[in-house]
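# Observations on the three-dimensional arrangement
What follows is the residue order along each chain.
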Amino acid sequence: MLVTTPAIVISALKYGEADLIVKAYTYSDGLKTYMLKGVLKSKRGKFKASQFQLLTQLEIVANHRNQGKMEYLKDAKVLHSYSSLHTNMVKGAMLMFLAEVLKNAIREEETNPQLFKYLENSLMWLDLHDKIANFHLLFLLNLTRYLGFYPDADAKDFTYFNLLDGVFEINSVNNYCIDGQSVAVLRQLLGINFDKLNEVKLNQQSRANFLNMLLLYYELHIEGFKKPKSLAVLNEIFS
């Protein structure tokens, strides 16, 4: 079926000498994989490699066969031109990290308009703002809402957060109950939007500890999720 849909580039892997394999999260059909023939060598082709930089927002025309195989693009154009995401070194490191998390976390070939809109709006916010040291923390926390394991905040004043069940506890009930500074940061971030991030004051160590807790939370709730390799680069940027 020929589909015209917004899409967000999750990854672009060189294949052979001239081809690209692009994973994109589409508004119409969820996660899709496309084979782009000759894009790395052709100067007059329909596509340019620069269109498929990480987390670029596109409008694509594709023939979706929906058989679990690679699809083929008919056309693609940049839908939102970022002003800083691909030119700012700090934002570039964050994009690499976020794209790797999304590649590990999103598996479904089915439409999820709310998740797509969340990604779209979050990336636009990141592009337009400069104070972003805590952006990835709130991004990953809020992403869990669309992946099905957002923390239950009903008892957020309790001492422990149970990573296994996603709830706050009075006492430690398993080996995945944590307390201390990371739980305090979690309380601060629950329920806020990106415009409130400046009110959350964290040092480098608190930020790194909370991020490690979040990634463990992802590992516990998404089968096969692996800690991103780009984490080391991100930590270096914000050290």
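Before reading on, note that the structure itself is shown above.
The shown structure was predicted, so the numbers you read here are calculated from the model rather than taken from an experiment.

### Comments concerning the nonpolar core
Residues Leu 119, Phe 135, Phe 139 and Leu 140 are the most contacted members of the largest nonpolar core, which totals 56 residues. Mapped by element, the contributors of at least two residues to this core are β1 (2-15), α1 (89-105), α2 (113-128), α3 (135-147), α4 (181-189), α5 (204-221) and α6 (231-237). With 8 residues, the top contributor of residues to this core is α1. When residues of this core are sorted by domain, at least three fall in each of domain 1 (1-81) and domain 2 (84-238).

### Quick word on the pattern of salt bridges
Applying the stated criterion across every chain yields a total of 6 salt bridges. Where Glu 71 meets Lys 32, a salt bridge forms, and the shortest distance between an N and an O atom there is 3.2 Å. Linking Glu 71 in the loop between β4 (57-63) and β5 (72-80) with Lys 32 in strand β3 (residues 30-36), this pair joins segments that are 39 residues apart in sequence. Residue Glu 71 is classed as buried on the basis of its relative accessible area, which comes to 1%.

### Quick look at the sheet that holds strand β6 (residues 160-162)
An order of β7-β6-β8 is seen for the 3 strands of this open sheet, with the pairing classed as antiparallel. Edge positions in the sheet fall to β7 (167-169) and β8 (177-178), since each of these pairs with one other strand and no more. Relative to the sheet, α4 contacts β6, β7 and β8, its axis offset from that of β7 by approximately 130°.

Reading the values: the criteria
Residues numbered from 1 in each chain as written. Predicted model: local features only at pLDDT ≥ 70, side-chain atom pairs only at ≥ 80, totals over all residues. Heavy atoms only, no water. Core = buried A, V, L, I, M, F, W, Y, C linked by side-chain atoms within 4.5 Å. Buried < 20%, exposed > 50% of the residue type's maximum accessible area, 1.4 Å probe, protein only. Helix = DSSP H or I, 4+ residues; strand = E, 2+ residues; numbered from the N terminus. Domains from an automatic or database assignment. Salt bridge = Lys/Arg side-chain N within 4 Å of Asp/Glu carboxyl O. Pairing = 2+ DSSP bridges. Contact = heavy atoms within 4.5 Å. Axes fitted to C-alpha atoms, helices over the stretch in contact; angles between N-to-C directions.

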